[in-house]
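# A closer look at the structure
Residues per chain are reported as follows:
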Amino acid sequence: MARALFFLLLTLLFLAHPTAAKTAGFSLKLIPMDIISSFASKNLSKTDQMKLVESSKARADYLEVVSNPSANKINFLVNRFNSGLYAVKVVLGERRETRMLQMDTATGLVWTQCAPCVRCFNQSDPIFNGNQSSTYRKIPSNNSACRTPPYRRANGQCLYGLKYGRNAITQGVLSQETFWLPYKNTLVPKQNMVFGCSNDNINFNFDRLGKVSGILGMSRAPESFVKQLDNVIGGRFSYCLVGISNTKRITTSLLSFGSDAYLPSNAISTPIVPVSNNQNYYLNLNDISVAGNRIGFPPGTFSLKRDGTGGCIIDTGTMVTLIAPSAYSRVIEAFQKYFQPFNLRKVRSKTSQGFQVCFEMKRTFTQYPPMTFHFQGADLVVKPQFLHFFDMVANYSCVALLKGNTKTILGSMHQQDVRFVYDLKNNALNFAPENC
């Protein structure tokens, strides 16, 4: 009940602020970060490989915690370890300052580092200072939204604390500022956008060069970037993640909103499942195929349970896809059965950083299988080049799947070269293959 009231109060706050200008649509450049660049060159160090796997597992832990109905009882909202996957540039404040934020479809609050810093991680851009912007203001503690964790009242201000995996913690002041949206070769102000001004941050590691200063929350939560712009973009956004498994140079793509989020003519659609008091994007997954052969899971295998366990989530912040434990073994067995006739030499899982189906690579072998996620009303085919992990130094390849806790999470690696269009007004996820 308290959780429901919290979401209602936040919605009233975040949708009530005035709009300086309504736009038909706009796009932000979507930039692959550190580990993506390393992955594309097929030159991941052992440390990067472990980071890839561990960050995906930590992300799964986070999604389990926030799906628990009792999650609101903790003082800090527990998120996941940030490894830096895809980021966008945003412009904010009176002086139109540019900051790079990590796109995150499973986080609500938009936040960036702010001065004066108690503790801050390395950042190449100047740390944002609200005192130097006439359009900046702090949300007062008597605001009705400042009653439930992660928000709390102190010294006349509305404070927050977000705890991430590996003891990464951000704390700050809930604030409002003007964000500038690109529209027809100019910047249009969107006033009073709610965001987090984080002035105490420890144990973050977004990217090696310090380009990222915070997070762009893109979930269904009322404080997210998407929901705050609901009356501008009509609950619609899209992205196409650049393919990273070949040797072509890493390029950027676009994170598009409103009318810019075009729907391809060949797009198919599956429902986004509304879940009370939960900000994630749940999908109805019915079955899985390996190399075109359906495994035939019984109905309900991937369903969300009343206690918050189970279910299938699509998430850009998880790189490697995780399969629910009730289905994982059968999926792995299907891949093992497929590879068996080729007499490939197996590689021990200790060498392959947690992946279960790994073989030494043969230059002449090209018969890697695809995998299909059979969602309600729509099938998502993951091409072989995006399904498998290749270590060119150690000369082995693996099926890039991990065992989840209770949930199945469709990670960004398996979303490559597909146009995804989120239609939150109609609770639909549309998608079609595309050369991003």
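Just above, that's the structure.
Structural notes, computed from the coordinates. (Residues numbered from 1 in each chain as written. Predicted model: local features only at pLDDT ≥ 70, side-chain atom pairs only at ≥ 80, totals over all residues. Heavy atoms only, no water.)

## Overview of the sheet that holds strand β16 (residues 285-290)
- Ordered by their spatial adjacency, four strands build an open sheet running β17-β16-β21-β22, and the pairing between neighbours is antiparallel. Both outer strands of the open sheet, β17 (293-294) and β22 (378-382), are each paired with one neighbouring strand and no more.
- Across five bridges, strand β21 (residues 371-375) lies against β22 in antiparallel orientation. Within β22, the position partnered with F375 by the bridge is A378.
- Docked against the sheet, helix α6 (residues 325-339) engages β16 and β21, running at close to 20° with respect to β16. (Pairing = 2+ DSSP bridges. Helix = DSSP H or I, 4+ residues; strand = E, 2+ residues; numbered from the N terminus. Contact = heavy atoms within 4.5 Å. Axes fitted to C-alpha atoms, helices over the stretch in contact; angles between N-to-C directions.)

## Thoughts on the side chain of T301
- Looking at where T301 falls in the secondary structure, it is placed in the loop between β17 and β18 (312-314).
- A polar atom in the side chain of T301 sits 2.6 Å from the backbone oxygen of P298.
- If we skip the residues at most four places from it in the chain, T301 touches S326 and A327. (Polar contact = N/O pair within 3.5 Å; in protein donor to acceptor, adjacent residues only side chain to side chain.)

## Here's the deal with the state of the cysteines
- Throughout the structure, instances matching the rule amount to five disulfides.
- Each sulfur in the disulfide pair C114 and C197 lies 2.0 Å from the other. Negative torsions about the S-S bond denote left-handed disulfides, and the value of about -100° found for C114 with C197 makes this one left-handed. Separated by 83 residues along the polypeptide, C114 in the loop between β5 (111-113) and β6 (137-138) and C197 in strand β10 (residues 186-202) bring together distant segments of the chain.
- Looking at C114, the relative accessible area reads 1%, which means it is buried.
- You can call C197 buried: its relative accessible area is 5%. (Disulfide = S-S within 2.5 Å. Buried < 20%, exposed > 50% of the residue type's maximum accessible area, 1.4 Å probe, protein only.)

## Remarks on the side chain of Q279
- Along the polypeptide, Q279 turns up in the loop between β14 (268-273) and β15 (282-283).
- Polar contacts involving the side chain of Q279 include one to the main-chain carbonyl oxygen of A106, which spans 2.7 Å.

## As for the sheet that holds strand β24 (residues 396-399)
- Ordered by their spatial adjacency, three strands build an open sheet running β20-β24-β23, and the pairing between neighbours is antiparallel. Edge positions in the sheet fall to β20 (358-360) and β23 (388-391), since each of these pairs with one other strand and no more. Sheet twist, expressed as the average angle between the axes of neighbouring strands with direction ignored, equals 20°.
- Where β23 meets β24, four bridges bridge the pair, whose relative direction is antiparallel. The partner of F389 across the bridge, within β24, is C398.

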